[in-house]
Amino acid sequence: MTQNYFVYMPENRVSAAWGCTAISIGYTEIAPHSNYPPSRHPDDHHFSWSRGRILQAYQIVLISSGRGKLEFGSGRRQVTINAGTIFLLFPGVWHRFAPDVQSGWTEHWIECRGNAFDFALDSGLVSTERPNYSASPEAIGTFATIHGLAQQDPLANQLVVSTLGLQLLALLCKPDDMAADASARLIDRARMILMERYGSNQPVQDVAAELGVSYPYFRKLFRQQTGMSAKTYQMTVRIKRARDFLVNTDKSVKEIAGLLGFHSAFHFSSQFKEIVGLAPSEFRSRSRG
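For the structure given in this document, a descriptive report is provided here. (Residues numbered from 1 in each chain as written. Predicted model: local features only at pLDDT ≥ 70, side-chain atom pairs only at ≥ 80, totals over all residues. Heavy atoms only, no water.)

## Focus on the packing of aromatic side chains
Next, step 1: One pass over the full model with this rule turns up 12 aromatic pairs.
Next, step 2: Taking the centre distance of 5.5 Å and the plane angle of 70° together, the rings of Phe272 and Phe283 count as edge-to-face. On the criterion of sequence distance, the pair formed by Phe272 in helix α10 (residues 265–276) and Phe283 in helix α11 (residues 280–287) is long-range, its members being 11 residues apart.
Next, step 3: Phe283 sits in the buried class, given a relative accessible area of 10%.
Next, step 4: The aromatic ring of Tyr198 is capped on one face by Arg241, whose charged end is 4.6 Å from the ring centroid.
Next, step 5: The ring centre of Phe245 lies 5.3 Å from the NZ or CZ of Arg241, which sits over that ring. (Phe/Tyr/Trp six-rings, centres within 6.5 Å; stacked < 30°, edge-to-face > 60°. Helix = DSSP H or I, 4+ residues; strand = E, 2+ residues; numbered from the N terminus. Buried < 20%, exposed > 50% of the residue type's maximum accessible area, 1.4 Å probe, protein only. Lys NZ or Arg CZ within 6 Å of the ring centre and 35° of its normal.)

## Notes on the environment of Tyr5
Next, step 1: Its location among the elements puts Tyr5 in strand β1 (residues 5–8).
Next, step 2: C-alpha of Tyr5 to C-alpha of Tyr27: the two residues are 22 residues apart in sequence and 5.5 Å apart in space.
Next, step 3: Residue contacts for Tyr5: discarding those within four places in its chain leaves Ile25, Gly26, Tyr27, Trp109, Ile146, His147, Ala150 and Gln151.
Next, step 4: Side chain to side chain, Tyr5 and His147 meet in a polar contact 2.7 Å long. (Contact = heavy atoms within 4.5 Å. Polar contact = N/O pair within 3.5 Å; in protein donor to acceptor, adjacent residues only side chain to side chain.)

## So, the pairing of strand β7 (residues 105–113)
Next, step 1: Burial runs high along β7: 8 of the 9 residues are buried.
Next, step 2: Note that strand β2 (residues 21–30) and β7 share 9 bridges and pair antiparallel. Bridge pairing in β7 places Ile25 opposite Ile110.
Next, step 3: Pairing of strand β3 (residues 58–72) with β7 involves 8 bridges; the strand directions are antiparallel. Following the sheet pairing, Val61 is matched in β7 by Trp109. (Pairing = 2+ DSSP bridges.)

## Here we look at the environment of Ala184
Next, step 1: The residue Ala184 is located in helix α5 (residues 178–196) in this model.
Next, step 2: Between the C-alpha atom of Ala184 and that of Gln224, which follows or precedes it by 40 residues, the distance is 9.7 Å.

## Considering α10
An α-helix turns once every 3.6 residues. As a result, residues three or four positions apart point the same way.
Next, step 1: With 12 residues, α10 extends 16 Å from end C-alpha to end C-alpha; this agrees with the ideal 16 Å at 1.5 Å per step.
Next, step 2: Of the residues trailing α10, Gly277 is marked for its positive phi of about 95°. (Expected span 1.5 Å × (residues − 1).)

## What about unusual backbone geometry?
Keep in mind that most residues, glycine aside, have a negative phi and that most peptide bonds are trans.
Next, step 1: In this structure, Pro37 follows Tyr36 across a cis peptide bond, with omega equal to -5°.
Next, step 2: Looking at the secondary structure, you find Pro37 in the loop between β2 and β3.
Next, step 3: In this model, His33 sits at a positive phi of 65°, which is unusual for a non-glycine residue.
Next, step 4: Following the sequence through the fold, His33 ends up in the loop between β2 and β3.
Next, step 5: Assessed through its relative accessible area of 56%, His33 is described here as exposed.
Next, step 6: Even without being glycine, Arg76 reaches a positive phi, approximately 55°.
Next, step 7: Residue position: Arg76 is located in the loop between β3 and β4 (77–82).
Next, step 8: On the basis of relative accessibility, which here comes to 42%, the residue Arg76 falls in the partly exposed class.

Here's what the structure looks like:
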């Protein structure tokens, strides 16, 4: 059974390289009618209800039992937090939270810095306007693993714990309704087909038919999920493969054009130059030094 604890860890250049460094982890059981928050954290993390708090990192908080409330943002929007809820705190965003006096609660947290979280925020995968989520069994299990590693040796396990912070972020970014999840899976499958068949002249309309959806629906959904058309994605995949061939093989431009399904070396070269900014032969020459 997990005991109350918290640990703070330094920045780590290795974990920063993959976009997430865990810098704080903890677990606290708050009994009913207890003072909150417990006065045992560093000054930059401690807060009073009247003043609230602003962190300089992201914090993922799981409430596994009890209930309470969270207030956040300049408008001090309030949401109810029940058992089985995760909420995400953002750097630079004012917040305060507390358990219900009658119930108390059990809180688990991991605090992280890194560009993976920044990217998720900038891309709209997470939002300061919607910080609360239903905790999946996978997320609850991930927190259990984090606690075990942190209580064993937090510094020795910091790199692994940081990857688990990324795992929690990935779980928060997953669509939480079945329709959105099905749509994402369909487009992921389409992307895989286009990647696997980079040398084919197969029209993207055929991919839609293979997946059992109409082309207008497929075209709209693909753009929603990826930010580009399926045809543009197909060409991007082919040009990426062309770059690999040019750098890592001695195949001629004509041979590469054939392997990638272009009608001619001229067509391939013009498409390559339009996207990369260099003719294939010039790209090869520069890449090889």
